[in-house]
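Fold and geometry: a report
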Amino acid sequence: MRIENSIQSRISISLSGAAKQICTVSIVLLFAIGMVLPWGMAHAGAVFIPPVDNPIKWHPGHYVTLVSPGPNNPWYMEQVYSELKENPALQGITIRYRWSELESAKGVYDFSAIDEHLKELAIHKKRLIILLELRSSVEYLQAELVPDYVKAGILYEGGVFPYSGSRSTDIKGYNIKLWNPLVRDRLAALMRELGNRFNSHPYFEGVGLTETSMGKPLITLSNAEIDGYYKNMISINQQMRQYFPNTMVFQFINYPRQLIESFVNNMKETGIALGCPDVFLDEPGLFYDAAKNPPKGIYSYYPELSGQIPLTIQIEKANYENTRYDGKGYQPTISELLAFARHKLDVNYIFWTRSPDYFSGVLEVMGWKNQTRDAAGGLNSACPSSYFACVD
């Protein structure tokens with residue numbers, strides 16, 4: 001689906017470097033059966049090859065990730081909109097959604113909450129990015145992670161499985177059983193409906209999936225199930241790119257390190273954006289140097305991909321508190337987090353989690369000269385070469 005003509009007539013278009021050489025070329029959507037994924041797993045679903053002449057909405061910069069009491073609380077959102085209005089460096093908001101919030105029964109979709117946020121954001125000329133959760137972070141979200149028909153369906157295998165942290169056997173949360181082809185297909189159907197509704201909306205900036213890490217499964221998974229989980233995650237990425245041809249699509253990646261290259265290769269081929277769910281300044285697992293301890297960590301990919309595909313990063317509550325996941329580092333300043341994301345990773349988008357104890361510091365930094373000098377808030381605003389063109 002193309003951006004509506006009425007929208008295109010009001011936007012400027014910037015061609016990427018690659019697109020300037022191929023701007024007269026147009027290809028159609030192609031579907032292939034039995035594609036072999038980069039690490040050798042056959043995929044029997046539809047595979048998307050993106051057209052080269054689709055312009056992408058492009059508004060890089062700083063976004064605010066909302067937390068409890070959340071986007072459905074009027075008092076909370078009044079504060080958020082006030083902050084957006086008072087801080088030009090903030091481009092918009094990021095909202096996390098669970099599958100069950102958007103599909104109440106099989107094929108019954110409710111996007112009214114997204115519609116309402118877009119309506120308000122358009123008034124303020126700010127934008128929306130949504131992050132679809134493939135896993136919950138606390139136990140009580142089991143029932144809410146997937147729709148009831150998936151959880152109750154035998155053919156869907158109950159839809160979810162529990163996981164723990166690396167040093168515990170306690171349930172930390174639940175993951176979606178993405179290796180199940182029926183679960184994959186229903187999730188893809190949700191993406192199709194979201195794309196039909198929001199791809200052409202000028203203030204719908206992006207859509208992405210939560211981190212690739214499974215945690216430590218508390219049920220025994222076969223190699224086929226683990227391979228299927230990641231194979232189908234790439235499949236969902238490709239279908240998101242299909243259903244949102246004019247919108248930034250991204251995937252948060254952290255672990256397992258041995259599969260990162262496969263995800264990145266797919267991103268380079270399809271124009272999907274690279275993301276990471278954390279900015280930990282001293283976290284060993286994210287910094288591995290392939291020359292010393294292969295395979296390399298996710299942060300090593302950012303500099304080499306700069307200018308090729310969009311680069312995003314999220315700053316979580318834990319990142320404000322310590323430079324390491326295990327708490328053995330130190331508490332960084334907001335400016336340290338920003339400097340690392342901007343200068344070491346060269347990101348286009350930063351999603352700042354609106355944690356009450358730390359967000360006032362974020363707002364202070366957003367008022368500094370380097371963040372107010374341009375619309376991207378001092379971040380890299382160049383149109384990636386994997387895009388035919390960027391539109392604003």
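An account of the accompanying structure is given in this report. It should be emphasised that the depicted structure is a prediction, and the values quoted were computed from it without experimental measurement. (Residues numbered from 1 in each chain as written. Predicted model: local features only at pLDDT ≥ 70, side-chain atom pairs only at ≥ 80, totals over all residues. Heavy atoms only, no water.)

**Some points on the packing of aromatic side chains**
Overall, the coordinates contain 22 aromatic pairs when judged by the stated rule. Ring geometry for Tyr149 and Tyr156: centres 5.7 Å apart, planes at 80 degrees, overall edge-to-face. Aromatic rings pair up to connect Trp58, Tyr63, Phe250, Phe252, Tyr349, Phe351 and Tyr387 into one cluster. Here the guanidinium or amino end of Lys296 rests over the ring plane of Tyr301, the centre of that ring lying 4.4 Å away. (Phe/Tyr/Trp six-rings, centres within 6.5 Å; stacked < 30°, edge-to-face > 60°. Lys NZ or Arg CZ within 6 Å of the ring centre and 35° of its normal.)

**A closer look at unusual backbone geometry**
With an omega dihedral of 10 degrees, the bond running from Ser68 to Pro69 counts as a cis peptide bond. Of note, Pro69 is situated in the loop between strand E5 (61–65) and helix H3 (74–86). Phi at Lys125 takes a positive value of approximately 55 degrees, unusual for a residue other than glycine. Here Lys125 is to be found in the loop between helix H5 (112–124) and strand E9 (127–133). Residue classification places Lys125 among the exposed positions, given a relative accessible area of 58%. Phi is positive for Asp346, close to 55 degrees, though the residue is something other than glycine. With respect to the secondary-structure elements, Asp346 resides in the loop between helix H14 (334–344) and strand E17 (349–353). (Helix = DSSP H or I, 4+ residues; strand = E, 2+ residues; numbered from the N terminus. Buried < 20%, exposed > 50% of the residue type's maximum accessible area, 1.4 Å probe, protein only.)

**Quick look at the packing of helix H8 (residues 181–198) against helix H9 (residues 223–243)**
If you want to describe how two helices pack, look at the angle between their axes and the distance between the axes. At a minimum axis distance of 9 Å, the contact between H8 and H9 shows a crossing angle of 20 degrees. Overall, the two elements H8 and H9 adopt an arrangement that is roughly parallel. Regarding H8 and H9, the two cross each other, and that crossing is right-handed. Only Asn232, Ser235, Ile236, Gln239, Met240 and Tyr243 of H9 make contact with H8, whose side of the interface consists of Arg184, Leu187, Ala188, Met191, Arg192 and Gly195. (Axes fitted to C-alpha atoms, helices over the stretch in contact; angles between N-to-C directions. Parallel < 35°, antiparallel > 145°, perpendicular 65-115°, else oblique. Left-handed = near helix turned anticlockwise from the far one by under 90°. Contact = heavy atoms within 4.5 Å.)

**Some details on the pattern of salt bridges**
Per the counting criterion, the structure on display carries 13 salt bridges. The salt bridge partner of Glu304 is Lys296, with a shortest N-O separation of 2.8 Å. The exposure class of Lys296 is buried, given its relative accessible area of 18%. What emerges from the salt-bridge pattern is a single network uniting Arg96, Glu133 and Glu316. (Salt bridge = Lys/Arg side-chain N within 4 Å of Asp/Glu carboxyl O.)

**So, H8**
An ideal rise of 1.5 Å per residue puts 26 Å on 18 residues; H8 measures up with 25 Å between its terminal C-alpha atoms. Looking at H8, one finds that the buried residues are Val183, Arg184, Arg186, Leu187, Ala188, Ala189, Leu190, Met191, Leu194, Gly195 and Phe198. You can read the cap of H8 off the contacts: a side-chain oxygen lies 2.8 Å from the backbone nitrogen of Leu182, and it is on Asn180. (Expected span 1.5 Å × (residues − 1). Polar contact = N/O pair within 3.5 Å; in protein donor to acceptor, adjacent residues only side chain to side chain.)

**Looking at the sheet that holds E17**
Sheet architecture is open: eight strands sit in the order E15-E14-E12-E9-E6-E5-E17-E16, paired in parallel fashion. What marks the edges here is a single partner per strand, and that holds for strand E15 (273–275) and strand E16 (312–315). Pairs of neighbouring strands in the sheet enclose a mean axial angle of 25 degrees, with direction left out of account. Looking at chain direction, strand E12 (residues 204–209) and strand E14 (residues 248–252) are connected through four bridges and run parallel. The residue bridging Gly206 from the neighbouring strand is Met248, located in E14. (Pairing = 2+ DSSP bridges.)

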